Amino acid sequence: MKPTAKFISFEGIDGAGKSTHIAYVAQRLQAALVAHQVQVVCSREPGGTPLGETLREVLLQQKMHLETEALLMFAVRREHIAQLIEPALSRGDWVISDRFTDASFAYQGGGRHLSIEKLSILEQWVHPHLQPDLTLLFDVPLDVARARLDATRQLDKFEREKAEFFFDTRTEYLRRAAEFPQRFRIIDSTQSIEIIRKELDVLIDELLTNALAS
Ligand code: TYD
């Protein structure tokens, strides 16, 4: 029997360390699903399509009106859903997205204070019937996230924001997680990579069991 296709999103403030874990989860899922001729498709937002990747450059580097930023994030998402996410899920493949709509609520809503009502309208417009089956929220206090960022590379527009912005972004992520507890799993990202991997292993096994049973 073919496993039910799953859509998994990864979230967290910049510097939370989610990227490190995406490759691990994707590789473990792919190893388990290859026997069923199922592909694990990894993507990201903003991005995921040629148009989306072009707009990503603009979104991450240029200053713009807050509502323009939110609308462009959802425009990129519309294209991503149409070109990549829905076709993959209809084939029975699995999709892992490095960020999805929760990031718009957290960054444009929490960080930049765009009304949650407006964001909900965009969410309803762009994907009224689609939600991730599982959202992994990598959660860390701001000082840990900042320390990780400063150690790495040239920062983009979001990464250069002040501590207050990330405080509000994290708060909105945690609010969303509390609102949708059946979809979210919060990972304490201050833990070591090895401990987080053990937690992820449990989640992966649950997901696979559930996908094969339904
Ligand atoms: P990020 O996912 O952190 O990629 P990298 O690890 O390569 O830097 O970068 C994407 C940035 O875009 C991140 O700062 C969050 C921001 N973002 C939003 O503000 N709203 C959104 O809806 C999405 C998807 C991302």
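See the structure above.
Report on the accompanying structure. (Residues numbered from 1 in each chain as written. Predicted model: local features only at pLDDT ≥ 70, side-chain atom pairs only at ≥ 80, totals over all residues. Heavy atoms only, no water.)

1. A closer look at the overall build of the protein chain
Here's step 1: Counting secondary structure elements, the protein chain contains 8 helices and 5 strands.
Here's step 2: Starting at the N terminus and ending at the C terminus, the protein chain contains elements arranged as β-α-β-α-α-β-α-α-β-α-α-β-α.
Here's step 3: For 214 residues, the compact-globule formula gives about 17 Å, and the C-alpha radius of gyration of the protein chain, at 17 Å, lands near that figure.
Here's step 4: Along the longest, intermediate and shortest principal axes, the C-alpha atoms of the protein chain span 50 × 40 × 30 Å.
Here's step 5: Each of the 214 residues in the protein chain was classed as buried or not, and the buried ones make up 50%.
Here's step 6: Nonlocal contacts in the protein chain, meaning residues at least 24 apart in sequence, comprise 79% of its contacts between residues at least 6 apart.
Here's step 7: When the accessible area of the protein chain is evaluated, it comes to approximately 10,400 Å², of which 57% is carbon and sulfur surface.
Here's step 8: Side chains of the protein chain carry 26 positive and 31 negative charges; the gap between the two charge centres is 2 Å. (Helix = DSSP H or I, 4+ residues; strand = E, 2+ residues; numbered from the N terminus. Rg over C-alpha atoms; globule rule 2.2 N^0.38 Å. Buried < 20%, exposed > 50% of the residue type's maximum accessible area, 1.4 Å probe, protein only. Contact = heavy atoms within 4.5 Å. Areas by Shrake-Rupley, 256 points an atom, 1.4 Å probe, with all protein chains shown as cover. Lys, Arg positive; Asp, Glu negative; His and termini not counted. Charge placed at Lys NZ, Arg CZ, Asp CG, Glu CD.)

2. Observations concerning the packing of aromatic side chains
Here's step 1: In this structure the tally under the stated criterion is 7 aromatic pairs.
Here's step 2: Here Phe10 and Phe138 contribute two aromatic rings whose centre-to-centre distance is 5.8 Å and whose plane-to-plane angle is 10 degrees, an arrangement assigned as stacked. Of this pair, Phe10 sits in strand E1 (residues 7-11) while Phe138 sits in strand E4 (residues 134-139), and the two are 128 residues apart along the sequence. Summarising the burial analysis for this pair, Phe10 and Phe138 share the class buried.
Here's step 3: Summarising the aromatic geometry, the rings of Phe165 and Phe166 are spaced 5.1 Å apart at their centres and angled 90 degrees between planes, so their arrangement reads as edge-to-face. Phe166 carries the same exposure label as Phe165, and that label is buried.
Here's step 4: A cation sits over an aromatic face here: Arg77 above Phe74, 4.6 Å from the ring centre.
Here's step 5: Stacked on the ring of Phe105, the Lys or Arg Arg176 has its end atom at 3.7 Å from the ring centre. (Phe/Tyr/Trp six-rings, centres within 6.5 Å; stacked < 30°, edge-to-face > 60°. Lys NZ or Arg CZ within 6 Å of the ring centre and 35° of its normal.)

3. Considerations on the pairing of E4
Here's step 1: Counting buried positions along E4 yields 6 of 6 residues, so the element is predominantly enclosed.
Here's step 2: Across the two faces of E4 the burial is the same, with Leu134, Leu136 and Phe138 and Thr135, Leu137 and Asp139 all buried.
Here's step 3: Here E1 pairs with E4 via 4 bridges, running parallel. Bridge pairing in E4 places Ile8 opposite Leu134. (Pairing = 2+ DSSP bridges.)

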